[in-house]
Amino acid sequence: QGDQLVTPVLAQCGVRGIMRSLVIEQLAKAIGMTAQEKILTVGDAQVSQAVFLCNALQGFVPVSDIDGMAVPQNDVWQKLQASLGQLKNISSNIP
């Protein structure tokens, strides 16, 4: 939504994972966005500007539809993926 990433509260998404924490604490800011936890509905996702899933194994994966309804996409997930790649490069150069 604009320059804001919205993620479900933990009660809705299940896991306080590494990627979720990175997005909320570092990656959103790195691409000029803020991150907010919020109670979300399927309707919220269906009218969003983009929806993606993320985890430490697969990185960022765009969601193309929810319950058969197309979800628009933008390049936010790609920007987050690129920012994650930069973070990995920096951390791999630390002795």
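Calculation rules
- Residues numbered from 1 in each chain as written.
- Predicted model: local features only at pLDDT ≥ 70, side-chain atom pairs only at ≥ 80, totals over all residues.
- Heavy atoms only, no water.
- Phe/Tyr/Trp six-rings, centres within 6.5 Å; stacked < 30°, edge-to-face > 60°.
- Helix = DSSP H or I, 4+ residues; strand = E, 2+ residues; numbered from the N terminus.
- Buried < 20%, exposed > 50% of the residue type's maximum accessible area, 1.4 Å probe, protein only.
- Contact = heavy atoms within 4.5 Å.
- Salt bridge = Lys/Arg side-chain N within 4 Å of Asp/Glu carboxyl O.
- Core = buried A, V, L, I, M, F, W, Y, C linked by side-chain atoms within 4.5 Å.

## Here's the deal with the packing of aromatic side chains
If you walk through the whole model with that rule in mind, you get 1 aromatic pair. Judged by centre distance (5.5 Å) and plane angle (70°), the ring pair of Phe-52 and Phe-60 falls under edge-to-face.

## Considerations on the side chain of Thr-7
Checked against the element boundaries, Thr-7 lands in strand E1 (residues 4–8). A residue is classified by how much of its surface remains accessible, and Thr-7, at 18% relative accessible area, is buried. With near-sequence residues (within four places) excluded, Thr-7 lies in contact with Arg-20, Ile-24, Gln-36, Glu-37, Lys-38 and Leu-40.

## A look at the pattern of salt bridges
Oppositely charged side chains can pair when the atoms bearing their charge come close. This structure, assessed with the given rule, holds 2 salt bridges. Between Arg-20 and Glu-37 there is a salt bridge whose closest N-O contact spans 2.7 Å. Here the residue Arg-20 occupies a position in helix H2 (residues 18–30), and Glu-37 occupies one in strand E2 (residues 34–38), the gap between them amounting to 17 residues. Judged by relative accessible area, which is 42%, Glu-37 ranks as partly exposed. Here Lys-79 ties to Asp-75 by a salt bridge, and the two come within 3.9 Å at their closest N and O atoms. Residue classification places Asp-75 among the partly exposed positions, given a relative accessible area of 36%.

## Some thoughts on the nonpolar core
If you look at the biggest cluster of nonpolar residues, it comprises 11 residues: Leu-5, Met-19, Leu-22, Val-23, Leu-27, Ala-28, Met-33, Phe-60, Val-76, Leu-80 and Leu-84. Those elements that place two or more of their residues in this core are H2 and helix H4 (76–92). Of all the elements, H2 adds the most residues to this core, at 5 residues. Every residue in contact with Met-19, bar those within four places of it in the chain, is listed here: Cys-54, Asn-55, Ala-56, Gly-59, Phe-60 and Leu-84.

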